[in-house]
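This is what each chain is made of:
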Amino acid sequence: MKICLTGFTGSGKSTLARRLAAHYGIAYVSGGNVLKSLIGGEEALRDPGWWEREGGKKAMELRRTDPSFDRRVDEELMRLAAEKGDVVLDSWTMAYLLEAEDKVAIFLKADLDVRAQRVAKRDGTTVDEAREAIVRKDRETVELYHRLYGFKLGEDLSPFNLVLDTSKLSADETFDVVRRFIDYWFDLSWPGGGSPDGA
């Protein structure tokens with residue numbers, strides 16, 4: 001199975017992706033980390049808030065002028081998806097680009113204020129600073145992928161099998177909802193019926 005997770009910064013996407021990969025015992029691949037490594041190297045990989053800081057701003061300027069960075073990342077993600085078979089893909093694009101019959105695509109959304117509070121806590125910044133960075137990043141990301149591939153991230157939700165608002169959900173609650181959906185989607189039931197946890 002190929003689990004494609006998409007969502008704007010602060011929606012809980014990366015946290016959920018890592019938990020799902022661990023739960024199902026399958027590979028986890030982050031498109032953001034592949035791109036960070038390509039542009040910013042090891043230093044960027046060690047900083048979870050890199051995209052919202054100066055390095056991320058410069059990277060976005062580079063990506064706008066040279067789309068080959070994003071294309072290389074997406075080609076690598078599709079290669080890894082084919083190679084690994086079962087994988088969780090933490091990516092803004094794979095739900096739109098990856099063609100696979102064993103794919104499920106999930107979009108997480110959350111209110112801007114909630115996302116800003118989460119990012120501020122993660123990065124040790126103020127909520128206002130986090131909100132400003134998120135708004136800028138959202139706008140630039142939507143524009144970049146619309147220009148590159150033609151879809152409008154966050155508006156065109158047609159590729160997604162589940163759209164979940166995490167504004168009022170904890171990380172555990174989000175995981176529980178999505179895990180149950182995936183179990184039913186792929187019919188991961190145990191003998192005698194029910195899901196693996198007996199629900």
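Caption draft 1: Representation of the nonpolar core within the structure. One finds C4, L89 and L153 to be the most contacted residues of the largest nonpolar core, which totals 26 residues. For this core, the elements supplying multiple residues, two or more each, are α4 (68-84), β3 (87-90), α5 (94-97), β4 (103-109) and α7 (127-149). For this core, the element with the most residues is α4, which contributes five residues. Setting aside anything within four residues of it in sequence, one finds L153 in contact with T6, F8, W92, Y96, T141, V142 and Y145. Counting residues in hydrophobic clusters, the runner-up holds 18 residues, among them L5, L16, L108 and F175.

Caption draft 2: Fine view of α7. A rise of 1.5 Å per residue sets the reference length of α7, with its 23 residues, at 33 Å; its end C-alpha atoms lie 32 Å apart and thus fit the reference within 8%. Just past α7, the residue G150 takes up positive phi, approximately 95°.

Caption draft 3: Spatial organisation of helix α6 (residues 112-123). End to end, α6 covers 16 Å across 12 residues, agreeing with the expected 16 Å (1.5 Å per residue, within 8%). Residues of α6 that are buried include every one of V114, R115, A116, V119, A120 and D123, and no others. Elements in contact with the buried residues of α6: α7. Downstream of α6 by a residue or two, G124 has a phi angle that is positive, lying close to 70°.

About the criteria used
Residues numbered from 1 in each chain as written. Predicted model: local features only at pLDDT ≥ 70, side-chain atom pairs only at ≥ 80, totals over all residues. Heavy atoms only, no water. Core = buried A, V, L, I, M, F, W, Y, C linked by side-chain atoms within 4.5 Å. Buried < 20%, exposed > 50% of the residue type's maximum accessible area, 1.4 Å probe, protein only. Helix = DSSP H or I, 4+ residues; strand = E, 2+ residues; numbered from the N terminus. Contact = heavy atoms within 4.5 Å. Expected span 1.5 Å × (residues − 1).

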